[in-house]
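# Notes for the structure review
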Amino acid sequence: NGRVLFNSIPEGFPEPGKTVVYDTSENIDLDTVPLNGGFLLKTLDLSIDPYMRGRMRAPEKKSYSPPFLLNQPIDGYGVGVVLRSELPEVKAGDHLYGFFKHVQYDVRTNLEGLSKLPNEHGLSWSVYVGAAGMPGKTAYMAWKEYSQAKKGETVFVSAGAGPVGSLVIQFAKADGLKVIGSAGSDEKVQFMKECGADVAFNYKTTNTKEVLEKEGPIDIFWDNVGGETLEAALEAANVNARFIECGMISGYNSGGAPIRNLFHVVSKSISMHGFIVSRLEPKYGKEFYETIPHKLASGELKHREHVFDGLDKVGEALLAVQKGTNKAKAVVKVADE
Ligand code: NDP
């Protein structure tokens, strides 16, 4: 039975086999492991998300999500199926979504951090950690809460081909905006166009500032990246622009650099809204599940995955997401049903 242990705190990018290690030294006998009133959970799909880099830190450093603990399995969003249960509210065959340790099998004593996942829409389970899960909620909830989008306005979305950005592009198009999206490969540019972006460009081969000068000014900036992209957006912002500060991945592995163009916030009356999705969940959680999964199932909303096959690929997937070599929402497929 494999598990992925946090092995050392990285200085820059997380290194497979060093930052996390795949370990097979412990074995659970699935037929005889005592459940002590709990249940045996089989992991199916694990989400690899950018914020996980922030958890690879010394425990004394404070942040909004808890640090990974050395020599312990890392954890994150996942989907799994119950194999055996002694807990009355959980039955064998139930699918659960929530926080999963990166282990193949886990004995849990209660449903803390987990919820039952009735899949009425026929989506593959992995979608519930992507477009129908935390990243999808991020796009949906913060767009509703902060964009104040008006038909005819212009929005710029960075990291526009990922699970968050690609949904933001589609919500913005549905609201009648002109959408500009940036991403780091031509394949990602193609996907942003399929999502409806009016202007989609590869920021590695095209100058962001020049595109925004030509296609702006921008009324809304959905910031997934920070750094030089944020500098360019501040310069291209309209008066009264809204900046939705979702993430700043360009600094996650280097600490980032101070922002030079911040005075534009004053001179252009820009509102900047940072947020953490879990704080919007109480307000929009129910509405999200009523609205989004069926639109993903029908194809009205587009989404894509990049599947890493096997729990031993977690280290590789963690690095890919930080480097941008993931082609779409990164998911580790641990097991089929
Ligand atoms: P993605 O699957 O899009 O993966 C991250 C992408 O970021 C990479 O694929 C890469 O795409 C891009 N990237 C990496 N390094 C850089 C860089 N130096 N400059 C520019 N782009 C870079 O991620 P998600 O859609 O899951 O997440 C997007 C953002 O949203 C992240 O910043 C994340 O932290 C944030 N987030 C925030 C939440 C919140 O509650 N505030 C919740 C969930 C996500 P490319 O090829 O385009 O460079």
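Residues numbered from 1 in each chain as written. Predicted model: local features only at pLDDT ≥ 70, side-chain atom pairs only at ≥ 80, totals over all residues. Heavy atoms only, no water.

Turning our eyes to something else, we now look at the UniProt feature "domain: Enoyl reductase (ER)" (unreviewed entry) in the protein. The positions that UniProt labels "domain: Enoyl reductase (ER)" (unreviewed entry) are, in the present scheme, residues 23-332. For residues 23-332, helix accounts for 27% and strand for 25%, while the C-alpha atoms at its two ends are 16 Å apart. (UniProt positions renumbered as here; feature names shortened; annotations may be inferred. Helix = DSSP H or I, 4+ residues; strand = E, 2+ residues; numbered from the N terminus.)

Scored by pLDDT, the protein has a mean of 97; 100% of the residues are at 70 or more. Within the protein, the lowest mean pLDDT, 96, falls on strand β7 (residues 114-116), and the highest, 99, falls on strand β8 (residues 154-157). Prediction confidence for the complex, expressed as pTM and ipTM, is 0.98 and 0.99 respectively. (pLDDT = per-residue confidence, 0-100.)

With that settled, the discussion passes to the site of the ligand. Around the ligand sit 25 residues, and of these Lys188, Tyr203, Tyr252, Val277 and Asn326 come closest. Val164 places a main-chain nitrogen or oxygen 3.1 Å from an oxygen atom of the ligand. One of the backbone nitrogen or oxygen atoms of Phe275 is found 2.9 Å away from a nitrogen atom of the ligand. Its free accessible area being 900 Å², the ligand has 90% of it covered by the protein chains. Of all elements in the fold, only α1 (134-146), α2 (163-174) and α8 (314-323) reach the threshold of two or more residues within the shell around the ligand. (Near = heavy atom within 4 Å. Polar contact = N/O pair within 3.5 Å; in protein donor to acceptor, adjacent residues only side chain to side chain. Areas by Shrake-Rupley, 256 points an atom, 1.4 Å probe, with all protein chains shown as cover.)

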